[in-house]
Amino acid sequence: MPIDPGVLDVAVVGAGLGGLYAAYRLSASSRRFRVFESAPDVGGTWFYNRYPGARCDVDSLQYSYSFSEDLQQEWVWSERFAGQPEILDYIRHVASRFDLYRHIQFDTRVTSVEWDDRAAHWVITTDQGDTVAAKWVITAVGCLSTPKRPEIDGLESFTGESYYTNSWPHEEPDFVGKRVGVIGTGSSGIQSIPVIAGSAAEVTVYQRTPAYTMPAMNRPLEAAEVAAHKAHYPRHRAQERTSRSGTLVTGHSDSILAASDDEIHRRFEECWHAGSFGCALVSFADIITDREANDRLVAFVRDKVHTIVADKAVASALASWEYPFGSRRVCLDTDYYATFNRPHVHLVDVKKDPIAEVTPRGVRTRSGEREHDVIVYATGFDAFTGTLFRLGIRGRSGVRLEDAWAQGPRTYLGIQSSGFPNLFIVVGPQSPSLVVNVVRAIEQHVDWIMDALDHADAGGITTMEAAPAAETEWVSHVADVGYATLYPVADSYMTNVNVPGKPRVFMPYLGGFGSYGDRISRVAADGYPGFVLS
Ligand code: N01
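Residues numbered from 1 in each chain as written. Predicted model: local features only at pLDDT ≥ 70, side-chain atom pairs only at ≥ 80, totals over all residues. Heavy atoms only, no water.

S.K.: Got a minute to help me understand the environment of Gln239 in this structure?
M.R.: For Gln239, the position within the fold is in helix α7 (residues 233-242). By relative accessible area, which is 36% here, Gln239 ends up partly exposed. Here the alpha-carbon distance between Gln239 and Ala338, two residues 99 residues apart in the chain, equals 36 Å. Each residue touching Gln239, except ones within four places of it in the same chain, is listed here: Thr247, Leu248 and Thr250. (Helix = DSSP H or I, 4+ residues; strand = E, 2+ residues; numbered from the N terminus. Buried < 20%, exposed > 50% of the residue type's maximum accessible area, 1.4 Å probe, protein only. Contact = heavy atoms within 4.5 Å.)

Next up, the structure:
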């Protein structure tokens, strides 16, 4: 689609859930805008992550847009946790229903975003040869969109089939009769392994860091429960917006250290069957702040693993966590642990028996080579900053975002970064983003940005930029809140260490979704203190 000449009011990067909602809000205004999307369709991470077993771990009735009562009444979710195809259908439906496709330029990767100080606008170029100017830029690129390739020698030498969960082919691979190696045991590995094991002749799981995972308890939704939920949708959405996690999960405020063994067991059992790891995290006030409290939960989950997995050595390896429960993203699974009772499923503990290389025939660890017909890499993402850095963002004086953030992200409220005027980040680092229901977080950010644009237009403001002092304060507040918990203890993409060379920084803001929302709303109501408006 050709771009109109002249200066756009707003350029949006990304047509996932975030960019699509920005498009919806912008389309209801008189602003000239365009959305750039590298994929051939909407969906963002839900477009690419189509691996077997991919599904959401937040309830469908909550992991969905709230901006249109008609939309939430008419859309019918079939399962408690929707699978990837259904979520993608939903996103496509939203794009069609609100006539948003016409605003999106697909198959177009943004290659540079450069601030022109004299003109006070951004100049955006794409791999399709576009050059377009925009007064404002909204990056809605998601935190989990740039695949992380594992640092393993010999990847290219493998002569069998190789697949990455985060860029799964549209034509479904056939595993029947094949020997499959799976590397990586985060959410993507844990969801895909049981499904792959359903058809493959042999599955070998290479586990470096064991995940904590709980049963998803996924099931079809009953018409009556959906009707009951929909009858009070506005009330449920309001509760999500004021909650800590952007969901309907509620917790307890008492300490586990004062609770009886019976009570502790009762609550943990309840959460184990609730299909919600959030339930376990807030089952007592100190689960995620006190190691002794957390250890009680770890012991409970370890017992569960040993109850399910018959082979004691395998159970011990699956439960060989060295970090607190919840400090890496907990997974929700369907039959993950039970899959290791199947005779054709094997576990290789890569901590003890490290991968030396991928060979033409399979994977060689220190103990020897295992042959595979297929290798599945469930090795995660260059999260939070990976995609932002790939946009080629240069702010004032040509400073690159990756240089400004060399010691870790620097933002005010997770929304703007000093030196990068008029550029907004939707659900990026230093905002609640990935530790909450991200659809609520997207709506929260985009609504705030739209109010800021209205404020700017009404006041004749041409630039808006985080003030350095406010930014410094926010960066240290995010760290203080994070380091008051057990979250930063673990190595993961949340601590920014899964990609070699990146500084160890705890990325999301843990102050709670509702209170973060109050804070950014107050800033808006008070005329945007902490931002330089000119
Ligand atoms: O990625 P991950 P993911 N050799 O980073 C291993 C969301 N999500 O795609 O930790 C051996 O969690 C790595 O091991 P280690 C959700 O937010 C949501 O699974 O580096 N192993 C780890 O085990 C989730 O948290 C849903 O030691 C290597 C794994 O690969 C986030 O996406 C579903 C390795 C990567 O795990 C990311 O999940 C799916 C190597 N060289 C994803 N390199 C739902 O909504 C990496 N690993 C349910």
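Picking up after the structure, the text goes on.
S.K.: What is the right way to read the sheet that holds strand β16 (residues 374-377) from this model?
M.R.: Pairing within the open sheet is parallel, and its 5 strands lie in the order β7-β16-β8-β9-β12. With one partner strand each, in any of the chains shown, β7 (161-164) and β12 (345-349) form the two edges of the open sheet. Adjacent strand axes in the sheet meet at a mean angle of 20° when their direction is disregarded. Sheet topology note: the strand β8 (residues 179-183)/strand β9 (residues 202-207) ladder contains 5 bridges and is parallel. Following the sheet pairing, Val180 is matched in β9 by Val203. (Pairing = 2+ DSSP bridges. Axes fitted to C-alpha atoms, helices over the stretch in contact; angles between N-to-C directions.)

S.K.: What exactly am I supposed to notice about the side chain of Thr165 here?
M.R.: Locating Thr165 in the fold gives a position in the loop between β7 and β8. Leaving out residues up to four positions away in the same chain, Thr165 has contacts with Tyr48, Asn49, Arg50, Tyr51, Ser188, Ser192, Val376, Tyr377 and Ala378.

S.K.: Explain the layout of surface pockets to me, please; I cannot follow it from the model alone.
M.R.: To find the voids left in a structure, one rolls a probe of water-molecule size over its atoms. If you add up the space inside the second largest pocket, you get close to 1,000 Å³. Surrounding the second largest pocket, 46 residues form its lining, Ser245, Val249, Gly278, Leu281 and Val282 being those nearest its centre. Top element by residues in the lining of the second largest pocket is helix α9 (residues 277-281). It accounts for 4 residues. For the lining of the second largest pocket, the residue count by class is 23 nonpolar, 17 polar and 6 charged. (1 Å grid on protein atoms, 1.4 Å probe; cavity = no way out; pocket = protein on both sides within 12 Å on 5 of 7 lines; lining within 4 Å. Points joined across faces, edges and corners; volume = space filled by probe spheres on them. Nonpolar A, V, L, I, M, F, W, Y, C, P; charged D, E, K, R; others polar.)

S.K.: Explain the site of the ligand here, please?
M.R.: The environment of the ligand is formed by 25 residues, the closest being Ser188, Arg208, Thr209, Arg328 and Tyr493. One nitrogen or oxygen atom from the side chain of Arg208 is found 2.7 Å from an oxygen atom belonging to the ligand. Between the ligand and the protein, one listed contact pairs an oxygen atom with a side-chain N or O atom of Arg328 at 2.9 Å. Within the complex, 90% of the 910 Å² of free accessible area of the ligand lies under protein. Sort the elements by how many residues they give to the shell around the ligand and helix α5 (residues 187-197) lands first, with 3 residues. (Near = heavy atom within 4 Å. Polar contact = N/O pair within 3.5 Å; in protein donor to acceptor, adjacent residues only side chain to side chain. Areas by Shrake-Rupley, 256 points an atom, 1.4 Å probe, with all protein chains shown as cover.)

S.K.: Hey, could you run me through the sheet that holds strand β15 (residues 368-371) in this one?
M.R.: Hydrogen bonds between backbone groups are what pair the strands of a sheet, and the pairing can be parallel or antiparallel. The antiparallel open sheet is built from 3 strands, whose spatial order is β13-β14-β15. The open sheet is flanked by β13 (355-358) and β15, the only strands paired with a single partner. Pairs of neighbouring strands in the sheet enclose a mean axial angle of 20°, with direction left out of account. Two strands pair when backbone bridges link them, and β13 and strand β14 (residues 362-365) are joined in this way by 3 bridges, in the antiparallel orientation. Its bridge partner lying in β14, Glu357 is registered against Arg364.

S.K.: Looking at this model, I keep getting lost on the packing of aromatic side chains. Mind explaining?
M.R.: Pairs of aromatic rings are described using the distance from one ring centre to the other and the angle between the two planes. Overall, the coordinates contain 37 aromatic pairs when judged by the stated rule. Joined through ring pairs, the aromatic side chains of Tyr21, Tyr24, Tyr65, Phe67, Trp75, Trp77, Tyr90 and Phe98 make up one cluster. The ring of Tyr164 is capped by Arg149, whose NZ or CZ atom sits 3.9 Å from the centre of that ring. (Phe/Tyr/Trp six-rings, centres within 6.5 Å; stacked < 30°, edge-to-face > 60°. Lys NZ or Arg CZ within 6 Å of the ring centre and 35° of its normal.)

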